[in-house]
Amino acid sequence: MKNYLVEIFDEDYLENIISIVHRRYDGIFLLCDRTQNVDNLSMFLQEHFNCKCKIEKYDMTDLKSIEMCINSFINETDCFDFDLTGGEQLIVYQLGTIFAKNKYNIQIHKYDVIKDKLLICSQDSSLYNSEDKTALLKEIISLNKGKVISEANYNYSDKRIRSEVIRLFDLLRKINNDFNRFCNLTTEKENPLTYRKYIERDNEKKSAYNVLREFKKHGIIQEYQYLTVDNRKCYQYQFVKEFSIKDLFFKAGTCLEIYGALAFFESGYFNDIHNSVLIDLDGKIEKNTSDPYNEIDVMMLYRHTPVFVSCKNTRISKEYLYEISTISKQYGGKYAIAMILSTEKALAPVENRAKQMGIIMIDDIANYSLNELKQEIIDRIEELYGKNGC
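This structure is a prediction, so every number in the text was calculated from the model and none was measured.

Calculation criteria
- Residues numbered from 1 in each chain as written.
- Predicted model: local features only at pLDDT ≥ 70, side-chain atom pairs only at ≥ 80, totals over all residues.
- Heavy atoms only, no water.
- Helix = DSSP H or I, 4+ residues; strand = E, 2+ residues; numbered from the N terminus.
- Buried < 20%, exposed > 50% of the residue type's maximum accessible area, 1.4 Å probe, protein only.
- Areas by Shrake-Rupley, 256 points an atom, 1.4 Å probe, with all protein chains shown as cover.
- Lys, Arg positive; Asp, Glu negative; His and termini not counted.
- Charge placed at Lys NZ, Arg CZ, Asp CG, Glu CD.
- Salt bridge = Lys/Arg side-chain N within 4 Å of Asp/Glu carboxyl O.
- 1 Å grid on protein atoms, 1.4 Å probe; cavity = no way out; pocket = protein on both sides within 12 Å on 5 of 7 lines; lining within 4 Å.
- Points joined across faces, edges and corners; volume = space filled by probe spheres on them.
- Nonpolar A, V, L, I, M, F, W, Y, C, P; charged D, E, K, R; others polar.
- Axes fitted to C-alpha atoms, helices over the stretch in contact; angles between N-to-C directions.
- Parallel < 35°, antiparallel > 145°, perpendicular 65-115°, else oblique.
- Left-handed = near helix turned anticlockwise from the far one by under 90°.
- Contact = heavy atoms within 4.5 Å.
- Pairing = 2+ DSSP bridges.
- Expected span 1.5 Å × (residues − 1).

(A) Representation of the overall build of the protein chain within the structure. Check the secondary structure of the protein chain and you find eleven helices and 16 strands. Principal-axis analysis of the C-alpha atoms gives the protein chain an extent of 90 × 45 × 40 Å. Scored against the burial criterion, the 390 residues of the protein chain give a buried share of 49%. Of the accessible surface of the protein chain, which amounts to about 18900 Å², a share of 45% is contributed by carbon and sulfur atoms. One finds the centroid of the 52 positive side-chain charges in the protein chain at a distance of 5 Å from the centroid of its 59 negative side-chain charges.

(B) Highlighting the pattern of salt bridges. The full count for this structure, using the stated rule, is 19 salt bridges. The salt bridge involving Glu151 is made with Lys138; its shortest N-O contact spans 2.8 Å. With Glu151 in strand β7 (residues 147-152) and Lys138 in helix α5 (residues 137-143), the pair connects residues that are 13 residues apart, well separated along the chain. When its relative accessible area of 23% is taken as the criterion, Glu151 is described as partly exposed. Here Lys217 makes a salt bridge to Glu214, at a shortest N to O gap of 3.3 Å. Highlighted residues: Lys217 and Glu214, both in helix α7 (residues 202-217), separated by three residues, approximately one helical turn. Its relative accessible area of 58% is what places Lys217 among the exposed residues. Given a relative accessible area of 6%, Glu214 falls into the buried group. Three or more residues joined by partner-sharing salt bridges are found here, namely Lys174, Arg213, Glu214 and Lys217.

(C) Structural context of empty space enclosed by the protein. Per the stated rule, a full pass over the model turns up two cavities of 30 Å³ or more. Size it by volume and the largest cavity reaches roughly 60 Å³. Lining the largest cavity, in full, are Pro192, Leu193, Tyr195, Phe239, Lys241, Glu242, Phe243, Lys246, Phe249 and Phe250. In terms of residue class, the lining of the largest cavity is made up of seven nonpolar, no polar and three charged.

(D) Structural view of the packing of helix α6 (residues 159-183) against helix α8 (residues 254-267). It is at 10 Å that the axes of α6 and α8 come closest, and there the two elements cross at 125 degrees. Comparing their axes, α8 and α6 come out oblique. In this structure, the crossing between α6 and α8 has a hand that is left-handed. Residues Arg162, Val165, Ile166, Leu168, Phe169, Leu172 and Arg173 of α6 pack against Cys255, Leu256, Ile258, Tyr259, Leu262 and Glu266 of α8. Residue composition of the contact of α6 with α8, grouped by class: ten nonpolar, no polar and three charged.

(E) How the structure looks around the pairing of strand β10 (residues 221-229). As paired strands, β10 and strand β11 (residues 232-239) are joined by eight bridges and run antiparallel to one another. Each residue of the ladder has a partner; that of Leu227, found in β11, is Cys234. Linkage of β10 to β11, two consecutive antiparallel strands, is achieved through a turn of two residues, within which Asp230 is found at a positive phi near 50 degrees.

(F) Structural context of the sheet that holds strand β6 (residues 117-121). Read across the sheet, six strands follow the order β3-β2-β1-β4-β5-β6 without closing on themselves; strand pairing throughout is mixed. With one partner strand each, in any of the chains shown, β3 (53-58) and β6 form the two edges of the open sheet. In this sheet, adjacent strand axes meet at a mean angle of 25 degrees when their direction is disregarded. Of the pairings in the sheet, the one linking strand β2 (residues 27-33) to β3 comprises six bridges and is parallel in character. Paired with Cys32 across the bridge in β3 is Lys57. Docked against the sheet, helix α2 (residues 39-49) engages β2 and β3, running at close to 155 degrees with respect to β3. Those strands touched by helix α3 (residues 63-71) are β2, β3 and β4 (79-83), and its axis lies near 155 degrees from that of β3.

(G) Examining unusual backbone geometry more closely. Even without glycine at this site, Ser276 takes up a positive phi of about 50 degrees. Looking at the secondary structure, you find Ser276 in strand β12 (residues 270-280). Taking relative accessible area as the criterion, Ser276 reaches 18% and is therefore assigned buried. Here Arg303, not a glycine, exhibits a phi torsion of approximately 55 degrees, which is positive. Within the secondary structure layout, Arg303 lies in the loop between β13 (293-302) and β14 (305-312).

(H) Layout of the sheet that holds β14. Strand order across the open sheet formed by six strands is β7-β12-β13-β14-β15-β16, with mixed pairing between neighbours. Every other strand in the sheet has two partners, leaving β7 and β16 (360-362) as the edge strands with one partner each. If you compare each strand with its neighbour and ignore which way they point, the axes differ by 35 degrees on average. The pairing of β13 with β14 spans five bridges and is classified as antiparallel.

(I) Structural view of α8. Along its 14 residues, α8 runs 20 Å from first to last C-alpha, staying within 8% of the 20 Å computed at 1.5 Å per residue. Of all 14 residues in α8, twelve are buried; the element is thus mostly enclosed. Within the sequence span of α8, burial applies to Thr254, Cys255, Leu256, Glu257, Ile258, Tyr259, Gly260, Ala261, Leu262, Ala263, Phe264 and Ser267. Just downstream of α8, Gly268 is the residue with a positive phi angle, here 85 degrees.

Honestly, it's all geometry; don't read function into it.
As structure tokens, then:
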């Protein structure tokens, strides 16, 4: 006897894969309306879970069509396990009619997708304990019609990276505005350790001086000097060594992104963590510069659920909330988690709006140590999903 999963197609990818994540099957019957194109999902299920998938189509407005669809593959020899998570109500109704005949070996189950728990099960629940595969973020985005163009991946368990990020983040508490301006200056590389920042205005000179003075005081650079090169004013400075992540010292948002990613990693709740992710809007990467894309600061998985994080080196506005909410739903589906981290304290109306929208907002993190931020993340996740995220 073979065990088959009967999956009723739903627009949200997580409802389509949660069963195959928790149990191994000999094959999948993917049921969908005649108007729906499920070729990408079928291919993904076959390739990722090494399980043959057969598409069966019906007319969702016609009960007879649904009955004929199910009868075309069901038999008295094998077991057919119907996933009732999501899907069309008419199929569930028709399934009850077939089930009542007591002729076939039909089982049913249903998941609480948010808590990743089995709600309904007509057979031994221990059969659903497998957890050896899930979708990767790139695959999830692809299933939602996007495509990752580029991303930054770091070894968050590397003690050297951790030390560099914490040291710079602590320093930026004092010079954040100056550092933002410093990063926007035209940069020229002399050699792997020596760089120039060109000065156009007096306030740029003051900011550059404040940053370089603190860098030297904290042992990040060896020396710096104010020069004229080809009739242009600049500061030339030399790093004491090559750092693990050079972007930390050249892109204003990088330190905040990686600081947040470190806290997520060390909380123990997240995996498949990426920084500075560029996503093509329609999943079709073209060479022209007008091809639209979105940038996501931090992206990861909580169990099987995608998490999208916006990191702001400023006070959060309602526009930032709408932006991360839209992106998370577009590329992660209706169960995706939207989060926003900010270095400054948010105003009460923005905080209330974030709660209404279901966005996890952690503000004023300029005053958080890494351990404090990690604990805040743990508290927020356990507030939503229970102790130990269950």
